[in-house]
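Structure assessment
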Amino acid sequence: MILPLSYYGSSILREKVNPVTHFDEPLQHLASDMVETMHAESGIGLAGPQVGKNMRIFVMEIPADMDLDEHGHRMNPFLNGPLVAINPDVEGVGDVVEEAEEGCLSIPDIRGMVERPYQVRMRFQDLKGSPHDVMLSGLAARCAQHETDHLNGILFVDYLGSVKKMAIKGKLKKLKARTLDASA
Ligand SMILES: [Zn+2]
């Protein structure tokens, strides 16, 4: 089932959401609906609050051709198909940072350059509650950071420089007004 998205201006996008404690069938359904919604929206990641859920869960799927290093090798070969990350904890590794353009399904039509660690260590639980500990590089690392930010009420536009912030202020204001209208 495709789930309705929460857009910029929704209060849940600014909340630090709650850990998942029940690894049950409803959680599996939610994860599969989130993957379906991510595909329908042509996104590479989607977090719980973006579908109105106060839960620390995100899904991501990096297309193989966007996961290549400069030699054409897969950077994160274990990422095959969608990854479901529950109660994720992401920390930057090393001191290499990279600036790249980001967008967000909850903030349509706005993109901006965001600087983030190039490599991260992510600890998370899967749908059965089993713990995992992985290293991610490149776009996968960026996506995991963007999605984990969503679980803490942080949006990529928060990182933009003041000039860019000024430039998108009007667009954000309109989007927020539209979101509040739709929920009224
Ligand atoms: Zn997002």
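Scroll up a little and you will see the structure.
Bear in mind the structure is a predicted one, so any value in this text is a computation, not a measurement.

A look at the overall build of the chain
A tally of regular secondary structure across the chain gives three helices and seven strands. For the chain, the α and β elements follow one another from N to C terminus as α-β-β-β-β-β-β-β-α-α. A compact globule built from 184 residues would reach a C-alpha radius of gyration of about 16 Å, and the chain, at 16 Å, matches this within 12%. The C-alpha extent of the chain, read off along each of the three principal axes, is 40 × 40 × 25 Å.

What about the sheet that holds strand β6 (residues 119–125)?
Pairing is antiparallel in the open sheet, where five strands are placed in the order β1-β2-β3-β6-β7. In this open sheet, the two strands that pair with only one neighbour each are β1 (45–47) and β7 (131–137). With direction set aside, neighbouring strand axes in the sheet form an average angle of 40°. Relative to strand β3 (residues 83–92), strand β2 (residues 57–60) runs antiparallel, the two being bridged by four bridges.

Brief notes about the nonpolar core
A general feature of soluble globular proteins is that nonpolar side chains tend to end up buried together. Of all hydrophobic cores here, the largest spans 29 residues; its most connected members are F58, V59, M60 and A144. Within the second largest apolar cluster, seven residues are counted, among which are Y8, L13, C104 and V157.

Overview of unusual backbone geometry
The phi torsion at S42 lies on the positive side, around 55°, for a residue other than glycine. You can see S42 is positioned in the loop between α1 (25–40) and β1. You can call S42 exposed: it has 7 C-beta atoms within 10 Å. One non-glycine residue with positive phi stands out, namely D109, at about 70°.

Examining the environment of L155
Locating L155 in the fold gives a position in the loop between α2 (138–151) and α3 (162–183). Sequence spacing of L155 and E15 is 140 residues, and the spatial spacing of their C-alpha atoms is 11 Å.

Thresholds, definitions, all that
- Residues numbered from 1 in each chain as written.
- Predicted model: local features only at pLDDT ≥ 70, side-chain atom pairs only at ≥ 80, totals over all residues.
- Helix = DSSP H or I, 4+ residues; strand = E, 2+ residues; numbered from the N terminus.
- Rg over C-alpha atoms; globule rule 2.2 N^0.38 Å.
- Pairing = 2+ DSSP bridges.
- Axes fitted to C-alpha atoms, helices over the stretch in contact; angles between N-to-C directions.
- Core = buried A, V, L, I, M, F, W, Y, C linked by C-beta atoms within 7 Å.
- Buried ≥ 20, exposed ≤ 12 C-beta atoms within 10 Å, placed from the backbone.

Any functional reading would require information that these geometric values do not contain.
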